[in-house]
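Survey of secondary and tertiary structure
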Amino acid sequence: MLRDDAHKIAEAINERVGSDAADAGKAVTATVAASETRPSTVPIGAGRPTFVQFQIQISDGTRLANLDLGQAELLLDKLEPGCVADHVFDAIRGQDVPIADTRPRR
């Protein structure tokens, strides 16, 4: 169920960001990332559960932000149809989510 929610949110963000941003060479994409963890110890006789955490990764080729599902839903509420990359990342900064610079270093 969470996986489906994550994909719906990512699709909605992708639909909301504008083609104007893509035309300007700064296309924003939202993708789903999943990470799995297992506890190092479990009670005797219990199986080892796997915990899966879903995040939405927002990228424009030079910046990357990882949002949990709640943060991604808040972002979606703040985005106007056709918004550009700078507006998307300003809204992400407004949630105090770190944004990584993904430009290659020289």
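Below is a summary of the structure that appears in this document. (Residues numbered from 1 in each chain as written. Predicted model: local features only at pLDDT ≥ 70, side-chain atom pairs only at ≥ 80, totals over all residues. Heavy atoms only, no water.)

Considering unusual backbone geometry
Both trends apply: most residues other than glycine have a negative phi, and most peptide bonds are in trans. Where we set the bar: Under the scheme used here, helices are H or I runs from DSSP no shorter than 4 residues and strands are E runs no shorter than 2 residues, and both carry numbers assigned from the N terminus.
Positive phi values are uncommon outside glycine, yet D96 reaches one of about 60°. By the element assignment, D96 lies in the loop between α4 (85-93) and β4 (99-101).

A word on helix α3 (residues 69-78)
Defined as follows: Three labels apply to residues, based on accessible area from a 1.4 Å probe with only protein chains included: buried if under 20% of the type maximum, exposed if over 50%, partly exposed otherwise in between. The arc in question is the one spanned by the directions pointing from the helix axis to the C-beta atoms. Residues are treated as being in contact if the distance between any of their heavy atoms lies within 4.5 Å.
Listed as buried for α3 are L69, A72, L75 and L76. On an axial view of α3, the arc spanned by its buried residues comes to 115°, and they lie on one face. Residues of α3 that are buried sit in contact with α1 (2-16), β2 (51-59), β3 (63-67) and α4.

Some remarks on the sheet that holds β2
For the record, the criterion: Here, strands pair whenever DSSP counts at least two bridges between them. For helices, the axis comes from a line fit to the C-alpha atoms of the stretch in contact; other axes are also lines fit to C-alpha atoms, and the angle between any two N-to-C directions lies between 0 and 180 degrees.
Taken together, 4 strands build an open sheet; the order of strands is β1-β2-β3-β4 and the sheet is antiparallel. Of all strands in the sheet, those with a lone pairing partner are β1 (29-37) and β4, marking the two edges. With direction set aside, neighbouring strand axes in the sheet form an average angle of 30°. Note: β2 against β3, 4 bridges, orientation antiparallel. Note that in β3 the partner of Q57 across the bridge is N66. Along the sheet, α1 makes contact with β1 and β2, crossing β2 at roughly 5°. Along the sheet face, α4 touches β2, β3 and β4 and points at about 45° away from the line of β3.

By themselves, these figures tell us nothing about what the structure is for.
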